[in-house]
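So you can see what is in the structure, the chains are spelled out below.
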Amino acid sequence: MQPVIQIQHLNHYFGRGALRKPVLSDISLTIAPGEVVFLMGPSGSGKTTLLTLIGGLRSLQDGRLNVLDREFSGASKRQLRRIRSQIGFIFQDHHLLKCLSAQQNVMLSLKLHRHWSLAERRRRAYDTLHSVGLGDRAEYLPENLSGGQKQRVAIARALVAQPRLLLDDEPTAALDSQTGRDVVTLMQQLAKERHCAVLLVTHDNRILDIADRIIQMEDGKLQSN
């Protein structure tokens, strides 16, 4: 099957001129459909920068980056938006809007899918919440949800459009051991069922057995692949 992510000799820098600093150096990485890959390493090693590049949230500077069979080099803004519409993002801070219900927060991920009616988007949001065990919390505001439930809403929001790639940045950092494990196991299960790839940045040693592969990053370089 065609890899979901293909990276070859990627380099990235912050700053300009004399202040230019290498952040990522000679990164090469391939991730297949359905594969769950953990990215680990010290704070400041470049993990989140790599994640945002793969998600099209930063501009490619040097090297080859192919995501979902689309080369990022030379891609237009419209093409990048199309790629991002097939990617689910889950962050340490769930970024739920406090004034919206769980179902409405999940529906936000469908705003680029105008070919679905409002009723269809509502149904998909509810069904996805149900799949993560929150069907009975669809109308709850975030303030009435626990930390684990909020993170499950964030997972539902990432999954509702049936993405082909999940990018997760420290999704268990604010959760207790059992809740964090439940959240990642749920991601693994849903990813396998839908054949999407998962790239998860973590410092959490309690969940390492869930990964198909673990990659270490240090000083902007991959230590193993």
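Residues numbered from 1 in each chain as written. Predicted model: local features only at pLDDT ≥ 70, side-chain atom pairs only at ≥ 80, totals over all residues. Heavy atoms only, no water.

Asker: I'm lost on the layout of surface pockets in this one. Help?
Answerer: To locate leftover empty space, one rolls a probe as large as a water molecule over the atoms. Of the voids in this model, the largest pocket is the one considered here, and its volume is about 530 Å³. Lining the largest pocket are 17 residues, and of these Ile-87, Phe-89, Leu-108, Ser-109 and Lys-111 sit closest to its centre. The element that contributes the greatest number of residues to the lining of the largest pocket is strand S6 (residues 87-91), accounting for four residues. Looking at side-chain class alone, the lining of the largest pocket contains eight nonpolar, five polar and four charged residues. A volume near 210 Å³ is recorded for the second largest pocket. For the lining of the second largest pocket, the secondary structure elements donating two or more residues are strand S2 (21-31) and helix H1 (47-54). Broken down by class, the residue content of the lining of the second largest pocket amounts to four nonpolar, eight polar and five charged. (1 Å grid on protein atoms, 1.4 Å probe; cavity = no way out; pocket = protein on both sides within 12 Å on 5 of 7 lines; lining within 4 Å. Points joined across faces, edges and corners; volume = space filled by probe spheres on them. Helix = DSSP H or I, 4+ residues; strand = E, 2+ residues; numbered from the N terminus. Nonpolar A, V, L, I, M, F, W, Y, C, P; charged D, E, K, R; others polar.)

Asker: Hey, could you run me through a positive patch on the surface in this one?
Answerer: On the surface, Arg-70, Lys-77, Arg-78, Arg-81 and Arg-82 cluster together to form a positively charged patch. Of the residues forming the positive patch, the biggest block, four residues, is contributed by helix H2 (residues 77-84). Tracing the sequence through the fold places Arg-70 in strand S5 (residues 70-71). (Patch = residues over 30% accessible without salt bridge, like charges linked within 9 Å, V, L, I, M, F, W, Y side chains within 5 Å. Areas by Shrake-Rupley, 256 points an atom, 1.4 Å probe, with all protein chains shown as cover. Salt bridge = Lys/Arg side-chain N within 4 Å of Asp/Glu carboxyl O. Lys, Arg positive; Asp, Glu negative; His and termini not counted. Charge placed at Lys NZ, Arg CZ, Asp CG, Glu CD.)

Asker: I tried to follow H1 on my own but got confused; where do I start?
Answerer: At 3.6 residues per turn, the α-helix brings residues three or four places apart onto the same side. Burial within H1 is extensive, with seven of its eight residues counted as buried. Just downstream of H1 lies Gly-56, where phi reads positive at about 75°. (Buried < 20%, exposed > 50% of the residue type's maximum accessible area, 1.4 Å probe, protein only.)

Asker: Could you clarify how one ought to interpret the packing of helix H5 (residues 147-159) against helix H6 (residues 177-194) in this entry?
Answerer: The interhelical angle for the contact between H5 and H6, taken along N-to-C directions, is 15°, at an axis separation of 10 Å. The pairing of H5 with H6 is recorded here as roughly parallel in orientation. H6 is crossed by H5, and the crossing has right-handed handedness. For the pair formed by H5 and H6, the contact residues are Gly-148, Gln-151, Arg-152, Ile-155 and Leu-159 on the first element and Thr-179, Asp-182, Val-183, Leu-186, Met-187, Leu-190 and Arg-194 on the second. Taken together, the residues of the contact of H5 with H6 sort by class into six nonpolar, three polar and three charged. (Axes fitted to C-alpha atoms, helices over the stretch in contact; angles between N-to-C directions. Parallel < 35°, antiparallel > 145°, perpendicular 65-115°, else oblique. Left-handed = near helix turned anticlockwise from the far one by under 90°. Contact = heavy atoms within 4.5 Å.)

Asker: What is the right way to look at the environment of Ser-101 in this model?
Answerer: Secondary-structure assignment places Ser-101 in the loop between S6 and helix H3 (102-107). Of the residues examined, Ser-101 reaches a relative accessible area of 4% and is grouped as buried. Spatially, the C-alpha atom of Ser-101 lies 17 Å from that of Glu-120, the residues being 19 residues apart in sequence. When near neighbours in sequence (up to four residues on either side) are disregarded, Ser-101 contacts Ala-138, Glu-139, Tyr-140 and Leu-141.

Asker: How do you make sense of the environment of Met-107 when you look at a structure like this?
Answerer: Within the secondary structure, Met-107 is located in helix H3. The exposure class of Met-107 is buried, given its relative accessible area of 16%. In this structure, the C-alpha to C-alpha distance between Met-107 and Leu-68, residues 39 residues apart in sequence, is 23 Å. Not counting the four nearest positions on each side in its chain, Met-107 is found in contact with Leu-118, Arg-121, Arg-122 and Ala-125.

Nothing here speaks to function; it is geometry throughout.
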